[in-house]
Structure formats: C-alpha cells, structure tokens
Amino acid sequence: MARLAGLLVLLFLGLALFYPLGRILALGVGEGFARALANPYYWGRYLWSLEYGLLSALLTLSLALPLAFLFRRRFPLREAFLALSTLPFVLPTPVVALGFLALLGPRGFLGVDLYGTKALLLLAAVFYNLGLALRILLPVAVHLAEPMRAARVLGATPFRALLRVGLPLLLPALGSAGLLVFLYTFSAFGVPLLLGGPRYATLEVEVYTLLAYRLAFPEASALMLLEILTLGLAVLLYLRLRPYPLPPGGLGPGLSWAGTVGLAAFFLLFFAPLGALLLQAHPGALASAWASEDFTPLSLALGNSLRFTLLALLLAFPLGVAYAVAARGSRLMDLLGLFPLMVSPVAVGLGYLLAYPSLRGSLGLLLGAYALLAYPLLARALLPALKSLPPSLLWAARVLGATPLRAFLRVELPLVLPALTSGLALALAAILGEFGASLVLWRPEWTTLTLAIYERLGRPGEAPFREALALAFLLALLSALLFYLLDRGRGRWG
Amino acid sequence: MLRLLALLALLAFGFAQEITVLTHSSFSLDKGLIARFERETGLRLRFLKGGDAGETLNRAILTKGAPIADVIYGFDNTFLSRALEADILLPYRSPEVRNLKATLLLDPTFRALPVDYGWVSLNYDRAYFKERPLPKVPQDLARPEYARLLVVQNPATSSPGLAFLMATVARFGEDGYLDFWAKLRDGGVRVAKGWSEAYYTHFTLYKGDRPLVVSYTTSPAAEVYYSEGKYQEPPTGNLFPELAFFQVEFVGILKGTKNLEGARKVVDWLLSKPVQENIPTEMWMYPARRDAGLPEVFRFAPEPLGSVRMDPKAMAQHRERWIEEWTKVVLQGQSPEAVRKGRR
C-alpha cells in the first residue's frame, strides 16, 4: 500500500514538477546560464535574499523565544492569544503587504513612510513567521522546567543550568524554527514584490521580473537553480534536526496581572497592520468592487477563489495522504515529497506554460499547481500523527482479518483525523492566498481574490487603492474563518 | 428539452460573439462609443488590462497558441520587434490603412497597425520652479542639485522608463549614456516601478518630493483638462525636446482567435474617425489618422521639435543590453567603465 501511494506521488511529481522544471532548466543551461552567473548584479540579488532570510530568522527567533517562555505560564485568554499569533501565517501575502502599506506606507496611517525600506520588509517577515516559530518553541519551553529544576537541585547556578541544560534542549527547536523562517523568507515573493521596490527584490521577484517583463528565460532559470540549491540545503539541514526526547511537563505558574497586560499590548501592536487595514477599509469600496467595470468584479474573483480552492483541495487531499503514507517508511520519499516547498511558485507556473502548451487554456494547469504547492503542507501535519500511531493497532486489525486498505481506513484514519483536518486547513489557506503561480498562469476568467487585489494595486488613484484594501480585508476574514473552522485553534502542525 | 437546447445554443452563440481585447492598463475610451459599436455589430467587447505595455505583450507571447484575447492593443515601437518575432499576430490590411499617417506604418507585413502616437518627455512642476532656475541643458540633470529632484521609471518594468532610457542612448551615445546615468545615480535620482507610481506618488504635483518626472508631452494638457476649471494654464511643463522619445502604439489580431471577422471589425473600429478623435482626451496620445481632429486642449501639447526617433532595428537589437547595463549601473551601482568592459 505504501508502495502504491509512493508511486502515485512520484507520478504526480514527475508530471507536475520535475518535467516542467526540467524544461526551464534545459532552456537556461548553456551560455545564458554562464552569463547570468557571471553577472554580479544577480549575485547581489542572491546575497540580499540570503541576508533577508537570515535576518528575518534571527529577528523572529529573538522575539519568539521570550514569548515562548511567557506562554508556558498560565494566564487568561492564553489559548486565544496563541491562536491569534498563528493567524498571520495563513494570511495571503497581498493582505499582509497591504496591511503594512496601510500602516507604514506613503498613504499610511502613522504618517511614517517606510515603503521600499529594509525595515518594512523585515517587519513583515517577523509578522508572518512569529506564530510559526512560537508554535515550534513552545512545546520545548513547556518541558524545560523539569530538567532545569533538576540541574538546580544538583547545584548548578541558574546561568549554568540554562547554558548546559536549557540551551542544548532548546537548540533543535531553535534550529528548526529558524530554518523554516529562513525557508519562507528567502523565497518570499508577494511581500518583497509589493513592499520592496526595485532595491530589495529577492531572487524570486527577480525571476518573475525577468520572465514577465523581459522573457529572459536563461537568466531566470539560472537564478531558479540557485534558489533550489539553497533551499534544498536548508531543507536537508531541517530534516537532520532531531529533537531530544523531553520529560513530561505542564504549564507553569500564572502570569502576573502586569505581565498579561503587557502581552496584550504586544499583540495589539503586533496586529496593528490588520487594524490599519480595517480602519482604512470603506464598506463602500466593497460595494463598488462587487460589480466593478474597470477591474475584475469582486463577485467573479470571490467565486473563482472558492471554486479553485475546493477543487484543488480535492486533488491535494489524496496526494497529501498518499505522500504521508509513503514517507512514513522511506526517507527518500520524505525528501522527494518536500520538493514542492523548495521550488518557486513563479517557476512552477512558468514551467507549465512551457511544458504543456496545448493545456494553456485549461483549468487543470492551475489546479495542478495549487495542489502541488498545497499537498506537502497537508502531509507535514499528518506525518507526525501517522508516525506516532502504535503499529500494534494496525497489526491487531490485520490479524482480525482486515485488508490493508480497510485497516487504514477504519483504524488509522479515524485516529489521525484531527491532524488531517489541521493539515487541510493549512493547505486551504495556502491555496486561497496563492500568488506567484497564479500570477504567471493568469487568465482573465481565472482572476482570484489575490490577483484582484494585485490588479487594483497597480493602478493610480485613491479609488482602486481603497478597493484593494477592502478586498484584502475580505480575503483576510475568509482565510481566518475557514482556517478556524477546520483547525479550531488545535494547531497540530508545524 | 427543446427549449433547454435552444437556450444552450443561445448561450454558446452569445459566448462566441464576445471579443476580448488585451490592452495596457492605461486603456480608456468613451463608454458611449463602445456601446454604439456593440449595438451596430452585435459583438460584445471585453477589455482586459494586462499591466504595462511590455508586460501585456509578454502575456500574449506566453499564452501563444491558447490566446487570452482576440485582439491586442498598446504595444509600442520599442517592443514591435518582439511582437513580430514571437509570431503571435495575424496580418490584416484594414481598409482604414489608407487613412493613416504613412510615417507610422512601421510594419510592412501589416500584422501591427498604428493606432496612436506621442512623446515620452520630461515634465516639471511649474510652481516648484517659479523661484528656482530650471535645468538649461540635458546634462544639467546629472548635476546633484537636479538629479535629486528627478524621478524616472525602471526601464525593465515600464515602457515610458524604457523610452526615456533609449532617449538618453540617442542623446549621449553608446559610450556616454552610462556616464550620464552614473551621475544621475550618484546625484540621487529616484527609480519607480511604473509611470503611475512615479507620477502619482513621487511627483510634487501629487504631494511627492520630486518636481521632475518622466511622463508624456501631453500630460500638461491632461492636467488642465481634468482640473475642471481649476487650471487655465498647465501646472506642469515639458523640458528638453531633445530628450523626448517618439512612441507609436499598435494593434494586432492574435493568432488563434476564434472570431477572426469580429477581431477585424474591432481593428477597423479602433482606426475609425470617431474612436481616433476620442483617443486624445482618453489616452492622451495623438490619433494615427490623418483626418482626425484634435481637441482644443491639445494647444497645450505642441509637438516637440527635434525629438528622438530611433530605428526599430537598432531598438530590437540592443534593447535587452541597454536595460541590463542600465540595471547594472543605476540599481547595482557598478561603474560605467566596468560595464563597458564587460561588453563583447
């Protein structure tokens, strides 16, 4: 059964990923490739992408670590705060970019214009990834109390206990959180495209610019390869990290009243971009966007977004399950299946145009791209749950006469259902906010909410900007609502 | 059942009669004109804005074979060669061709027909320069006191930006243009992604901090036209006709259209007198027809004497290299000598 599942995933990967990417690389290998890599400008882009990824990871960790220690204590609304902190992670990129523009842009709420600065990009990266890092660090932080106490009892000073016991236990979690943040920021597209200006274009933005404006395939594919290699290295490191087994632990003593207020103030500040979005959004703009004549009407974009998300999930669901089942027993499958997280959605979209010219008008292309980018997220949530199932349960079912498929469906699946819905929620949020591949594969009748926002942002004047803000708010609400309905704040992923 | 089939047939028929026109984002025409065309031909027009002129053309190229539209309008002479080489257009010698200005017929194969033309040009804010001296010669722009006042568009992502870059190549030559740009860079020139960002965000007329902007010779007239009586005279003016760049915008029928007849009707319509006379006040370009009259407000938009006209072949041949070299010097901060040395 695992073999069958593996075969299915490999077949899909071959058609939806390796072949199209191969086509791009084939175009780029050769003279153009050498020319691109001899150009210091592109190395500059690469170095900036590295810097952006590393700085974001460091900043996020330095904020997430103290937060994790605060969150291991009891205080009112702790669960709600925790759920809120992960919300940005599932927000579509144009929404976050617009939120920051509404707060700190040229027409921003605070009157401070940080558009096109490093600071704004880093703020956006921290906003995006803080919840993710917190979710990874928190379980370790919670379990740290017991070993630290033991060290203290054995005579270590608090500093020594932290240095020799706390830190080594935390290190794998710090590493994996840092690597994930790096992974997401290094290959970021929407935020640098909308907030960075030409100076702070990441590799991913550069690839898009090279293709969409200049049709420079060789250079674009060289940069893409550079990106894949770097991300591949990060993923390898990530997979190598093994957490220490931790003793049981529980939440610590309650947080003081002042601490709780301070935390609440922090979250208020943290969500200021979304607040600015809300304050600048006019209900009238939503109405004027509904049947807009100048841009894609909201009704069409909303319908597309919902329809495509549903269809792509139907495709991503079996793929994610098959991949999780196959990856449970095989390291190679585990690595191969992670590949879609490493390649740029922009490149995927472009590869499709090159590899399947006869399918250019068909929706299958777009849905394939969505499913490809979403299924690893679903599987990542499912995999730990599958791995932690005691095999004896399955054996018992088999001994009692169930076929492998039946045993899976009736025994394993119900047990991992919570993890599955969490993964589904994550995949759903990813598809709903997908930007890069949609932008490349864009056809007018396929305009989604994300693209409808981008379309309005590119036009001069106050009215389109307002409509973009209103749409962004709607999309944020939709993502958050659907995510909450499926995940209910359980958050068994990451 | 029969009624259902009839309904389906009607629907299918209705869809077949829709004509999609892919345009750049600045496209605009009078709604009454569009409605009249739809009434008279029974066709339904859909306009699809694909972004900047170059970006729009690339969308058409990337979807070659399964075109997203029937007609493409708005690619200019700087991109003409790319459109022709990509082989995405069908030849059509419209009966209206004989009414067009002969100098605009740049494609002898009639795959790209001129619709309008104009000049990309430097605009300045009159109020800002009331008490201060204007730059006297184009070289002055490179002086720090003026470079800090100028906003240009990135030629890699904007067609006026590309046009202005080409004007500097024509003016300062292959050897000199990079030195000029290096001085602009050191002086603090600002680079915007596209025209609207430069004009509506950074130009002092719209509360920006740059009183010099790359725009069009017709922009001052447009400011008067849209001001609803606020301005009797343009609040902005044109600088340096020798840096103005001649631009022609084309229309073409996309290969793979399912409605060739309809597409041809749209091309004829764009070249017809009523549409041509509507173009100046909608898109602020000059009509390609010889017999089309200009609106009164165009007295504020005289044709620049001694403007730059560049050979389409030269543009086709060097466009990518110029953009690359510009990027290296202006965005990456390399020295012009190093970039010139890198040429083979």
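For the structure given in this document, a descriptive report is provided here. Small disclaimer: the values here were computed from a predicted structure and weren't measured.

**A word on a nonpolar patch on the surface**
Thinking step 1. The grouping of A:Phe109, A:Leu110, A:Val112 and A:Leu279 at the surface amounts to a nonpolar patch, some 400 Å² of accessible area in total.
Thinking step 2. Turning to its location among the elements, A:Leu279 is positioned in helix H13 (residues 272-280).

**Points about empty space enclosed by the protein**
Thinking step 1. This structure, assessed with the given rule, holds 8 cavities of 30 Å³ or more.
Thinking step 2. Taken together, the residues of the lining of the largest cavity break down into 26 nonpolar, 8 polar and 2 charged.
Thinking step 3. Put simply, the second largest cavity is a space of about 320 Å³.
Thinking step 4. Lining the second largest cavity are 24 residues, and of these A:Pro198, A:Glu206, A:Thr209, B:Asn154 and B:Thr157 sit closest to its centre.
Thinking step 5. Residue contributions to the lining of the second largest cavity peak at 5 residues, all from helix H10 (residues 203-212) of chain A.
Thinking step 6. Per-class residue counts for the lining of the second largest cavity are 13 nonpolar, 6 polar and 5 charged.

**Notes on the interface of chain A and chain B**
Where the parts come together, the accessible area they lose is often given as the size of the interface.
Thinking step 1. If you look at the interface, chain A gives 32 residues, while chain B gives 36 residues.
Thinking step 2. Ranking the residues of chain A by area buried against chain B places A:Tyr213, A:Arg214 and A:Trp442 at the top, with a combined share of 24%.
Thinking step 3. Applying the counting criterion to the chain A and chain B interface returns 2 salt bridges.
Thinking step 4. Among the salt bridges present, the one from B:Glu320 reaches A:Arg214, with a minimum N-O distance of 3.1 Å.
Thinking step 5. Linking chain A to chain B there are 11 residue pairs in polar contact (both at pLDDT 80 or more).
Thinking step 6. When contributions to the side of chain A that touches chain B are tallied by element, the ones reaching two or more residues are helix H2 (31-37), helix H3 (40-71), H10, helix H11 (217-240) and helix H17 (345-355) of chain A.
Thinking step 7. The leading source of residues in the side of chain A that touches chain B is H10(A), at 4 residues.
Thinking step 8. Tallied by class, the residues present in the side of chain A that touches chain B amount to 18 nonpolar, 4 polar and 10 charged.

**Quick notes on the packing of H11(A) against helix H16 (residues 331-342) of chain A**
All names here are of chain A.
Thinking step 1. Orientation of H11 relative to H16, taken along the N-to-C sense of each, is 135°, at an axis distance of 10 Å. Relative to H16, the element H11 is oriented oblique. Judged by the sense of rotation from one axis to the other, the crossing of H11 with H16 is right-handed. Between H11, through Ile-228, Leu-231, Gly-232, Val-235, Leu-236 and Leu-239, and H16, the contact on the second element is made entirely by Arg-331, Asp-334, Leu-335, Leu-338, Phe-339 and Met-342.

**As for the nonpolar core**
Nonpolar side chains tend to gather and get buried jointly when the protein is soluble and globular.
Thinking step 1. By size, the foremost hydrophobic cluster in this structure holds 292 residues, and its most contacted members are A:Phe71 and B:Trp181.
Thinking step 2. What A:Phe71 contacts, discounting residues up to four positions off in sequence, is A:Arg78, A:Phe81, A:Leu82, A:Leu134, A:Leu138, A:Leu251, A:Leu263 and A:Phe267.

**Observations regarding a positive patch on the surface**
Residues and elements named next belong to chain A.
Thinking step 1. Taken together, the side chains of Arg-240, Arg-242, Arg-331 and Lys-387 define a basic patch exposed on the protein surface.
Thinking step 2. Mapped onto the elements of the fold, Arg-242 is located in the loop between H11 and strand E2 (252-254).
Thinking step 3. Judged by its relative accessible area of 54%, Arg-242 falls in the exposed class.

Calculation rules
- Residues numbered from 1 in each chain as written.
- Chains lettered and ligands numbered in written order.
- Predicted model: local features only at pLDDT ≥ 70, side-chain atom pairs only at ≥ 80, totals over all residues.
- Heavy atoms only, no water.
- Patch = residues over 30% accessible without salt bridge, like charges linked within 9 Å, V, L, I, M, F, W, Y side chains within 5 Å.
- Areas by Shrake-Rupley, 256 points an atom, 1.4 Å probe, with all protein chains shown as cover.
- Salt bridge = Lys/Arg side-chain N within 4 Å of Asp/Glu carboxyl O.
- Helix = DSSP H or I, 4+ residues; strand = E, 2+ residues; numbered from the N terminus.
- 1 Å grid on protein atoms, 1.4 Å probe; cavity = no way out; pocket = protein on both sides within 12 Å on 5 of 7 lines; lining within 4 Å.
- Points joined across faces, edges and corners; volume = space filled by probe spheres on them.
- Nonpolar A, V, L, I, M, F, W, Y, C, P; charged D, E, K, R; others polar.
- Contact = heavy atoms within 4.5 Å.
- Buried area = accessible area lost by both parts, 1.4 Å probe.
- Polar contact = N/O pair within 3.5 Å; in protein donor to acceptor, adjacent residues only side chain to side chain.
- Axes fitted to C-alpha atoms, helices over the stretch in contact; angles between N-to-C directions.
- Parallel < 35°, antiparallel > 145°, perpendicular 65-115°, else oblique.
- Left-handed = near helix turned anticlockwise from the far one by under 90°.
- Core = buried A, V, L, I, M, F, W, Y, C linked by side-chain atoms within 4.5 Å.
- Buried < 20%, exposed > 50% of the residue type's maximum accessible area, 1.4 Å probe, protein only.
- Lys, Arg positive; Asp, Glu negative; His and termini not counted.
- Charge placed at Lys NZ, Arg CZ, Asp CG, Glu CD.

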